Amino acid sequence: MERIKIFDTTLRDGEQSPGASMNTEEKIKLALALERLGVDIIEAGFAAASPGDFEAISRISEAICNSTICSLARAVPKDIESAAKALEKAKLKRIHTFIATSPIHMEFKLKMQPNEVIKRAVEAVSLAKSLCEDVEFSCEDASRSDRGFLKEIAAAVIEAGAKTLNLPDTVGYRLPQELGAMIQEIKAFVGDSVILSVHCHNDLGLAVANSLAGIQNGARQLECTINGLGERAGNTALEEVVMILKTRQDIFNGLDTRINTKEIYACSKLVSDITGIRPQPNKAIVGKNAFAHESGIHQDGMLKHRETYEIMRASDIGIPENNGLVLGKHSGRAAFKDKLESMGFGEISQDDLDKAFERFKVLCDRKKEVYDEDIRSIMTEETTKIPQVFELLGLQISSCSSGVPHAAISIQKDRETRIDAAIGNGSVDAILKTIDRISGYKGVLKDYKVEAVSEGKDALAKVVVKVEFDPEKPAVIGHGLHLDTMQATARAYLGALNSYLSMRELITNKTIC
Ligand code: KIV
Ligand code: ZN
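All values reported here derive from a predicted model rather than from experimental measurement.

## A few points about the UniProt feature "domain: Pyruvate carboxyltransferase" (unreviewed entry) in the protein
Phase 1 of the analysis: Under the local residue numbering, the UniProt record ascribes the feature "domain: Pyruvate carboxyltransferase" (unreviewed entry) to residues 4-265.
Phase 2 of the analysis: Secondary structure within residues 4-265 divides into 44% helix and 18% strand; the distance between the first and last C-alpha atoms comes to 21 Å.

The following block contains the structure:
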């Protein structure tokens, strides 16, 4: 079998998706899940972009053993040095440097002549190579670049030491036969001197098809993201390309990946829990309906012979065979731990286990049926907590069709209890205003989402908020999980505030080099 390397960029290109920002703890958790999934290279961020990115890359570098950790860097010395520094502790590391090569980008964005672009690319690769053995070079907007120029820059960066040459369809413009032809021509030119890579965006819905055309024409690295998360319409979805390669071995004969497909579902859930961005229900492989058979004719066919309507098994991607109904009030710690393991939460600390078990017991007392999804949400929340500067102690709200909605809240900070109350245009407004009064930070709510975690009238509410506490800094995401939607709202808003404070601390401590 010939190996296709899977390069996951959920933490970099995926995080560039509007509203998808993650805090460091969440990034580490996702990196560990990607390692379990078996991705070859994890692009953990863009070290020079922000202190938060730098910190996340360096902590991920310490935590991961079996995947190569990569940082993106523009073709400028400060970016490359910052990437090398962030990757210092990685066992396996790669610097990924890039510059745009299309006429439109060179003329209007870079304002550089083609020969200057080649010079800059060679200098960048040489510097990266002096700091890290494994260097990838990307020709941004390769698919709209002149082929002759692509060959010139390819020869120059390979000579300077690049081991992987990535040819992105940055704006998602190409059709599969065009993308395939570009890879074929460059492959004929570079031969085996470098690994060719494809990186496709999904603006016309062709990212997966284009990536596969690249593979069929000689690319041996595939850049992708979980759930197809990414800029604009997103990137190639990892789960789709991997399952196509596995399911259509008759076509992709002799090509395989190192991916453990049974971890796909857990990774997909984790990404959607962290970002609050759910795949559409009919999304291939990981959508809620991807393995659901609604029509009577289909169900009948399935019962007679499963393969009449199914080309893959839900269990191939790690969806549990049962109906997801789990443990109850009388379940003990051992059964709870077993359940977590079967759901892919293998390596959790005793402390996280204890806290999650405590919350599970509280939930069992209040909710008739506890589903896998409830447990998954509790675990995600418990294991990705950032330092709790402000912690919710109590919340009282009053709202009715006439009268003024108001909230009274008690919050703990540095072991001191602070209490206040405020009125608002509605319950959510009153809660957020009260928290602003108590904390002294005024947030601007940019996005608010609420959804039921599982089924039934007594389902857990999951609230995701996006809040801007400082117009000069990126907005932060907060999550809250509770049976009561307003409690979940208060938790989510405080989570965002805590996340902002830990990000601000990072900036003032100047973790970045
Ligand atoms: O889409 C793109 O061209 C990129 C490069 C930086 C690899 O993301
Ligand atoms: Zn991209």
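## Looking at the coordination of the zinc ion (ligand 2)
Put simply, a metal with four donors set out as a tetrahedron has ideal angles of 109.5 degrees, and one with six donors set out as an octahedron has ideal angles of 90 or 180 degrees.
Phase 1 of the analysis: Looking at the zinc ion (ligand 2), the protein donor atoms are Asp13 (OD), His199 (NE2) and His201 (NE2), and they sit 2.0 to 2.2 Å from it.
Phase 2 of the analysis: As a motif over one chain, the donors of the zinc ion (ligand 2) read D-x185-H-x1-H.

## Let's talk about helix H2 (residues 51-63)
Phase 1 of the analysis: Over its 13 residues, H2 extends 18 Å from the first C-alpha to the last, a length consistent with the 18 Å expected when each residue adds 1.5 Å.
Phase 2 of the analysis: For H2, the set of buried residues is Pro51, Asp53, Phe54, Glu55, Ala56, Ile57, Ser58, Ile60 and Ser61.

## Topic: the site of ligand 1
Phase 1 of the analysis: Neighbouring ligand 1 are Arg12, Asp13, His96, Phe98, Ser138, Glu140, Asn166, Pro168, Thr170, His199 and His201.
Phase 2 of the analysis: A distance of 3.1 Å is found between an oxygen atom of ligand 1 and a side-chain nitrogen or oxygen belonging to aspartate 13.
Phase 3 of the analysis: Those elements that provide at least two residues to the shell around ligand 1 are strand E5 (93-100), strand E6 (135-140) and strand E7 (164-169).
Phase 4 of the analysis: Residues belonging to the shell around ligand 1 are distributed by class as follows: two nonpolar, six polar and three charged.

## Quick word on the UniProt feature "binding site: Mn(2+)" (unreviewed entry) in the protein
Phase 1 of the analysis: Cross-referencing UniProt, the feature "binding site: Mn(2+)" (unreviewed entry) maps to Asp13, His199, His201 and Asn235 in the present numbering. For the residues just named, distributed over 223 residues, the greatest C-alpha separation is only 10.3 Å, placing them together at one site.
Phase 2 of the analysis: When you line up the elements, histidine 201 lands in the loop between strand E8 (195-200) and helix H8 (207-216).
Phase 3 of the analysis: Once residues lying within four places of it in the same chain are set aside, the contact partners of histidine 201 are Asp13, Asp169, Thr170, Gly172, Ala207, Glu231, Arg232, Gly234 and Asn235.
Phase 4 of the analysis: If you trace the backbone, asparagine 235 turns up in the loop between strand E9 (221-224) and helix H9 (238-247).
Phase 5 of the analysis: For asparagine 235, the contacting residues outside a window of four places in its chain are Thr9, Asp13, His199, Cys200, His201, Ala207, Thr225, Gly228, Leu229 and Gly230.

## Structural notes on the sheet that holds strand E3 (residues 41-45)
Phase 1 of the analysis: The strand order around the closed barrel built from eight strands is E2-E3-E4-E5-E6-E7-E8-E9, with neighbouring strands paired in parallel fashion. The average undirected angle you get between the axes of adjacent strands in this sheet is 25 degrees.
Phase 2 of the analysis: Where E5 and E6 come together, six bridges link them in parallel fashion. Paired with phenylalanine 98 across the bridge in E6 is serine 138.
Phase 3 of the analysis: Packing against the sheet, helix H3 (residues 77-86) makes contact with strand E4 (68-74) and E5, and its axis sits at approximately 165 degrees to E4.
Phase 4 of the analysis: Running at roughly 165 degrees to E6, helix H6 (residues 147-160) makes contact with E6 and E7 of the sheet.

## So, the packing of H3 against helix H5 (residues 114-131)
Phase 1 of the analysis: It is at 10 Å that the axes of H3 and H5 come closest, and there the two elements cross at 20 degrees. Classified by the angle their axes make, H3 and H5 are roughly parallel. Here H3 and H5 pass one another in a crossing that is right-handed. Facing Pro77, Ile80, Glu81 and Ala84 of H3, the residues of H5 in contact are Ala124, Leu127, Ala128 and Leu131.

Conventions adopted
- Residues numbered from 1 in each chain as written.
- Chains lettered and ligands numbered in written order.
- Predicted model: local features only at pLDDT ≥ 70, side-chain atom pairs only at ≥ 80, totals over all residues.
- Heavy atoms only, no water.
- UniProt positions renumbered as here; feature names shortened; annotations may be inferred.
- Helix = DSSP H or I, 4+ residues; strand = E, 2+ residues; numbered from the N terminus.
- Donors = N, O, S within 2.8 Å, 3.2 Å for Na, K, Ca; no water.
- Expected span 1.5 Å × (residues − 1).
- Buried < 20%, exposed > 50% of the residue type's maximum accessible area, 1.4 Å probe, protein only.
- Near = heavy atom within 4 Å.
- Polar contact = N/O pair within 3.5 Å; in protein donor to acceptor, adjacent residues only side chain to side chain.
- Nonpolar A, V, L, I, M, F, W, Y, C, P; charged D, E, K, R; others polar.
- Contact = heavy atoms within 4.5 Å.
- Pairing = 2+ DSSP bridges.
- Axes fitted to C-alpha atoms, helices over the stretch in contact; angles between N-to-C directions.
- Parallel < 35°, antiparallel > 145°, perpendicular 65-115°, else oblique.
- Left-handed = near helix turned anticlockwise from the far one by under 90°.

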